[in-house]
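Letter by letter, the chains look like this.
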Amino acid sequence: MAGDREVWGKMPSGDAESFDVFYRETAPRLQAFLRQIVGSREAAEDIAHETYIRLWTRPHAFDPQRGTLRAYLFGIARKRAADWWRTQTSTESLDEDAAGPCNTEIDSAVSDAFRRLPEQQRTLLWLREVEGQSYAELSQILEIPIGTVRSRLFAAREALRAVWQQKR
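An account of the accompanying structure is given in this report. (Residues numbered from 1 in each chain as written. Predicted model: local features only at pLDDT ≥ 70, side-chain atom pairs only at ≥ 80, totals over all residues. Heavy atoms only, no water.)

**Section: the packing of helix 2 (residues 16–38) against helix 6 (residues 119–130)**
At a closest axis distance of 9 Å, the pairing of helix 2 and helix 6 adopts a crossing angle of 155 degrees. Taken as axis vectors, helix 2 and helix 6 run roughly antiparallel relative to one another. The crossing of helix 2 and helix 6 is right-handed. Residue-level inspection shows Arg29, Ala32, Phe33, Gln36 and Ile37 of helix 2 in contact with helix 6, the latter providing Glu119, Arg122, Thr123, Trp126, Leu127 and Val130. Among the residues making up the contact of helix 2 with helix 6, the classes are represented as six nonpolar, two polar and three charged. (Axes fitted to C-alpha atoms, helices over the stretch in contact; angles between N-to-C directions. Helix = DSSP H or I, 4+ residues; strand = E, 2+ residues; numbered from the N terminus. Parallel < 35°, antiparallel > 145°, perpendicular 65-115°, else oblique. Left-handed = near helix turned anticlockwise from the far one by under 90°. Contact = heavy atoms within 4.5 Å. Nonpolar A, V, L, I, M, F, W, Y, C, P; charged D, E, K, R; others polar.)

**Things to note about a negative patch on the surface**
Side chains of Glu42, Glu45, Asp46 and Glu50 sit close together on the surface and give a patch of like negative charge. Here Asp46 is to be found in helix 3 (residues 41–57). (Patch = residues over 30% accessible without salt bridge, like charges linked within 9 Å, V, L, I, M, F, W, Y side chains within 5 Å. Areas by Shrake-Rupley, 256 points an atom, 1.4 Å probe, with all protein chains shown as cover. Salt bridge = Lys/Arg side-chain N within 4 Å of Asp/Glu carboxyl O. Lys, Arg positive; Asp, Glu negative; His and termini not counted. Charge placed at Lys NZ, Arg CZ, Asp CG, Glu CD.)

**Quick look at the packing of helix 2 against helix 4 (residues 69–87)**
Close contact between helix 2 and helix 4 brings their axes to 10 Å; oriented N to C, the two are set at 35 degrees. In this structure, the crossing between helix 2 and helix 4 has a hand that is right-handed. Of helix 4, the residues touching helix 2 (which contributes Phe22, Thr26, Arg29, Leu30, Phe33, Leu34, Ile37 and Val38) are Leu69, Arg70, Leu73, Phe74, Ala77, Arg78, Ala81, Trp84 and Trp85. Taken together, the residues of the contact of helix 2 with helix 4 sort by class into 13 nonpolar, one polar and three charged.

**Regarding helix 7 (residues 135–142)**
The buried fraction of helix 7 is high, at six of eight residues. Every buried residue belonging to helix 7 is among Glu137, Leu138, Ser139, Gln140, Ile141 and Leu142, and all of these are buried. Trailing helix 7 by a residue or two, Glu143 shows a phi angle of about 60 degrees, which is positive. (Buried < 20%, exposed > 50% of the residue type's maximum accessible area, 1.4 Å probe, protein only.)

**Thoughts on the pattern of salt bridges**
Considering all chains together, one arrives at five salt bridges under this definition. For Glu143, the salt bridge goes to Lys79, with nearest N and O atoms at 2.6 Å. Of the two residues, Glu143 is situated in the loop between helix 7 and helix 8 (146–167) and Lys79 in helix 4; the sequence distance between them amounts to 64 residues. Take Glu143: its relative accessible area is 53%, and that puts it in the exposed class. The salt bridge involving Arg157 is made with Glu129; its shortest N-O contact spans 2.3 Å.

Put into structure tokens, the structure is as follows:
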């Protein structure tokens, strides 16, 4: 992946090529993350689009001293997803394709267990276990201290374990 500082250094001056490289490298994972939060492929695509527009139109808002560009991007997306949930007037069921195609019974069981967790725990587990975000990056994205990240991650793993054991 292109270096955050390199990409960030070019984006404020309107370098569309460096932005395009960053977009192509991060968009699939960002959309997968958002699908886990909002449960809809279409909503995830819309929120991702809004996230990239915000990044493009406000590149000076990113401070490389506070963390990585990728963590900043996921933080914007998380906030946009929270705004999306606030605007929903009814609770819609999750799309069947929210987690991508399930090819096996195990994939289906894991996806079902994951969906049973509260949104905050799903978000935290996805960012850590799937996206590989560090504790420092999680702290930046979620805007909480690292110690809180650790305790919430522990609680999320325990909740997932409990859901999984109930299914067995």
